[in-house]
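# Structural description and commentary
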Amino acid sequence: MTESSQIPRRSLLIGAAAASAAVVGAGALTPGVASATAPATKSRRRSTEDPFQLGVASGDPLPESVILWTRLAPKPLDLDGGMPPTDQEVEWEIATDEAFSNVVQSGIAAAPASHGHSVHVDVQGLTPDSWYFYRFKHGGHITETARTRTTPALGAAVSAFTFGQASCANWQSGHYQLYADLAQQELDYWIHLGDYIYEYGAYDPKRPDKGGYVRDDKVAHREIPWGKEPVNLPQYRRQYGLYRSDPDLRALHAQAPYSAIWDDHEVDNNFTRRKSGGDGQQDRVDFRRRRAAGFRAYWENHALRVPPTDGRRMRIFRRVDWGSTATFLFLDGRQYRSDQPGSSTSDFGGWDEGMFNPDTTMLGPVQENWVSQQLADSAAKWTFIAQQTVFSDVNGGAAFDNPAALGLSKGLYNYDAWDGYWAARGRLIEAIATNQVRNPIILTGDFHTNLAFDLLSEYPDPRDYPTAADLTTAIKAWEGTKIGTELCCGAVSSPTFFGSGIVAAAGPGTLRNTPWAAYGELQNNGVIVNRVTSESVEAEYRIAKTNYKRNTAEGRPRTDKTVVIEDGVPGVAEVK
Ligand SMILES: [Fe+2]
């Protein structure tokens, strides 16, 4: 989704409207990761600068395993990270106590130059449902001590656990105090739903509609020093070097394991399977090569339990279980999707026949089959479907009594979200309904808005109503069958889309007139702290204006509302 507090051109028209691991000594090899013992070029380099400026991370936990990550980059803002073009080695250790008096495993892992000197250690043989401490050493330097944990044993019921939910952290438009806030929430786990980095370079005043953000005196700007978008692997590595050097993000990673999925900005705004979003500053490059570079840098810079890209695709859809209490299905709604309706790369538009093309796909056939099978097999109490864009129907035309008078033929839809992929959404709804999935909860990022929806079996179809006014009337009176819930976190730092400009006028009315929208907060950035028990999920919405200087009252994270979902009761039970 376009990161800008400007109104996209198309909405201006309508919207006047308003609107490894080469782990030696411990574990299995991760595919694609060179052995630490093999390369002849390896060397133990002594450096004077701290090579661990990107911190550490742990991810994709299993009952007896977790991926430990770091990346050597003494100069994170240099294209080569300040590293020589030779393979390196890094020592690691994991202990049951913070003082490392009881080290349970240790080893030497490869940090190959071909992996941007990243390290992925797949530690095996750990105890289920247990906390650990880990650290890395290289060249006389040692990392911070970080915490991680394993998931409960397969089938084990746990009385409670807590996970964080975050997305959309544009460096240029704010600070990361919501990451710092999550770091203090005693999380067992956290998930990132995409836009972990933005590809944007500097704001270009000559092309104010192309990427970046709008300058505002109240905004605490953070610059992208090189001022242009990444298109190749060294440039994407450098973009991660900048983002990952942030102390608040490092602090969060040091507290608990996470799982991440990408959205568009890990490569290019609003990209689809075959093409770039077309609105960036660096579009005259071979998009397939650019996408492969973005995917490769993503793998290098995350603690992922998946192989790196083969140069074309990279499979990130996967599953994480929390005993018998919860299953997380992580989806990729970006890499395999059809182009947006009408080949539009605008975020928003009116009714478009392309929305209903039965041949369009959000997940691609292979992943669609996979998720159907996972839903059929899921026996967990809570099934979390973690994915990128808003799943529930949101028609901005619902804010107005007579949308047609504003030029909204059948409303105002977000083409880049599931509203633009009507048939694909219908197929996933059917898979959830026919498999009688227990307590399905969709977890969403992208929209830069704090939202909760009742998930319905069916939404008002604009083709069934002759006029926009008829459709609006139908939306307001809609009584669909609830089959689950959707929780959408705000952005960590990206501009709140409904927070300014004329689109702000459409937001409150849309929420008020959409019966399945249970909660919405449109003005602030946000993250969610989800507390899961066998009886309920309580989603605490933590909000702040993160584009202000950090020491202001507005910049301090606080709880807005807590959305409660009860076992066996689809939809939002209470907003308190
Ligand atoms: Fe975003």
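Model, not experiment: these values are computed from the prediction. (Residues numbered from 1 in each chain as written. Predicted model: local features only at pLDDT ≥ 70, side-chain atom pairs only at ≥ 80, totals over all residues.)

Along its 12 residues, helix α3 (residues 233–244) runs 16 Å from first to last C-alpha, staying within 8% of the 16 Å computed at 1.5 Å per residue. The set of residues buried in α3 consists of Leu233, Gln235, Tyr236, Arg237, Arg238, Gln239, Tyr240, Gly241 and Arg244. Packing partners of the buried residues in α3 comprise α4 (247–253) and α5 (287–300). (Helix = DSSP H or I, 4+ residues; strand = E, 2+ residues; numbered from the N terminus. Expected span 1.5 Å × (residues − 1). Buried ≥ 20, exposed ≤ 12 C-beta atoms within 10 Å, placed from the backbone. Contact = placed C-beta atoms within 7 Å.)

The contact between helix α6 (residues 365–377) and helix α7 (residues 422–434) brings their axes to 9 Å, and the two run at 20°. Viewed along their axes, α6 and α7 adopt a mutual orientation that is roughly parallel. Crossing handedness for the pair α6 and α7: right-handed. Only Arg427, Ala431 and Ile432 of α7 make contact with α6, whose side of the interface consists of Glu368, Val371, Ser372 and Leu375. Across the contact of α6 with α7, the residue classes tally to four nonpolar, one polar and two charged. (Axes fitted to C-alpha atoms, helices over the stretch in contact; angles between N-to-C directions. Parallel < 35°, antiparallel > 145°, perpendicular 65-115°, else oblique. Left-handed = near helix turned anticlockwise from the far one by under 90°. Nonpolar A, V, L, I, M, F, W, Y, C, P; charged D, E, K, R; others polar.)

Residues Leu68, Leu182, Trp190, Leu331, Ala386, Leu443 and Val492 are the most contacted members of the largest nonpolar core, which totals 141 residues. With residues near it in sequence (within four places) discarded, tryptophan 190 still touches Phe163, Gly164, Ala166, Leu182, Ala256 and Tyr258. (Core = buried A, V, L, I, M, F, W, Y, C linked by C-beta atoms within 7 Å.)

In this section: the sheet that holds strand β14 (residues 326–330). Across a sheet, strands are paired by hydrogen bonds formed along the backbone, either parallel or antiparallel in direction. Here seven strands make up an open sheet; going across it, the order is β13-β14-β16-β18-β20-β19-β21 and the pairing mixed. The strands lining the two open edges of the sheet, one partner per strand, are β13 (318–322) and β21 (517–521). The average angle at which neighbouring strand axes cross in this sheet is 20°, direction not considered. Here β13 pairs with β14 via five bridges, running antiparallel. Of the residues in β14, the one forming a bridge with tryptophan 322 is alanine 326. (Pairing = 2+ DSSP bridges.)

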